[in-house]
Amino acid sequence: TNEANTPAPQRGGRASRCVRIHGRVDGTTCPAPGRPGWRRLPAMTERRVVISVDMEGMTGVSSWVQVSPPEFGGLVSGAEYERARERMTLEAAAAAQGALDAGATDVLVNDSHDTMRNLIPELLPDGVRFTTGNDKPLSMVQGVQEAGVVGLLFVGYHARAGSVRGPLAHTWNGFVRDVVVNGVSTGEYGLNALLAGHYGVPGLFASGDDVAMGEIT
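Thresholds applied
- Counting from 1, residues in each chain are numbered in the order their sequence is written.
- Per-residue local features of the predicted model are confined to residues with pLDDT of at least 70, and side-chain atom pairs are confined, for both listing and counting, to 80 or more; whole-chain, interface and lining totals are unaffected and use all residues.
- To get the side-chain values, take all heavy atoms of the structure and skip hydrogens and water.
- Among the buried residues, those of types Ala, Val, Leu, Ile, Met, Phe, Trp, Tyr and Cys that are joined through side-chain atoms within 4.5 Å form a nonpolar core.
- Partly exposed residues are those whose accessible area sits between 20% and 50% of the maximum for their type, while under 20% is buried and over 50% is exposed, using a 1.4 Å probe and protein chains only.
- A run of DSSP states H or I qualifies as a helix once it reaches four residues; a run of E qualifies as a strand once it reaches two. Both are numbered from the N-terminal end.
- Residue contacts are defined here by distance: any two heavy atoms, one from each residue, within 4.5 Å place the two residues in contact.
- A 1.4 Å probe that fits into a set of points on a 1 Å grid over the protein atoms alone but cannot get out defines a cavity; an open set with protein on both sides within 12 Å along at least five of seven lines defines a pocket, and lining residues are those with an atom within 4 Å of a point.
- Grid points are joined across faces, edges and corners, and a volume is the space filled by probe spheres set on the points.
- Each reported salt bridge corresponds to a side-chain nitrogen of Lys or Arg within 4 Å of a carboxyl oxygen of Asp or Glu.

A. Quick look at the nonpolar core. Val-49, Ile-51, Val-53, Met-55, Met-58, Val-107 and Val-109 are the most contacted members of the largest nonpolar core, which has 28 residues in total. Secondary structure elements with two or more residues in this core: strand S5 (48-53), helix H2 (78-101), strand S6 (106-111) and strand S8 (149-157). Broken down by element, this core gets its largest block of residues, nine residues, from H2. With near-sequence residues (within four places) excluded, Val-109 lies in contact with Ile-51, Val-53, Ala-92, Ala-96, Leu-119, Leu-124, Val-128, Arg-129, Phe-130 and Thr-131. Ranked by size, the runner-up nonpolar core spans 14 residues in total, among them Met-116, Val-141, Ala-196 and Val-201.

Given below as structure tokens:
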């Protein structure tokens, strides 16, 4: 696993923050205590965010050809893959910039697609860290175990295995037909949310194909 970063700007102080689960970080106003869907974050110096970015749910992706690294050979297209990885990086960059603008003091982008060597680091905002390589202990959500992490963002996520309408529906690989947790079928988003929850980190945002978004909500 390799991780890189550029110097991060100093943002914010020790003021407490509010987070709306499955919503946005709001650093200016907080609803009344106890309002459903909101919780107040304790005052802290660090407010760190992890972004798990996949490729199959990216804008314009509709074929395995677009998301298959050319090194694998077979039915692949170097040109299609390069366009998809650029979009993947730009969407992750937009999410990272949004997190910084909302008050995050540190953002880690986790390359979570296939071999996890797809991001173009030069396109990420200054101060944003990234992690690459598929030998990460927590895989797609590596980083949530770090101190000070207040939220996990899913970018470019796809429909779960068994979703008829999902263009690139799968869960981990082509052999898994379904994953059921407490009687509910879920996909990589659900498994990764459970893992993040083990460390007390909530999922704050998700983007991806329309089928995946319907499954998440």
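Moving on, there is more to tell.
B. Quick look at the layout of surface pockets. Space inside the largest pocket adds up to approximately 320 Å³. Around the largest pocket, the lining is made up of 20 residues, and of these Glu-56, His-113, Asp-114, His-170 and Trp-172 lie nearest the centre.

C. Molecular detail of the pattern of salt bridges. With the rule as written, the count across this model stands at nine salt bridges. We note a salt bridge from Arg-129 to Asp-106, for which the minimum N-O separation is 2.8 Å. Here the residue Arg-129 occupies a position in strand S7 (residues 129-132), and Asp-106 occupies one in strand S6, the gap between them amounting to 23 residues. Under the relative-accessibility criterion, Arg-129 is labelled buried at 9%. Note on Asp-106: relative accessible area 11%, which makes it buried. Shared partners join several salt bridges into a network, and the residues in it are Arg-48, Asp-106, Arg-129 and Glu-146.

The values reported here are purely geometric and, on their own, carry no functional implication.
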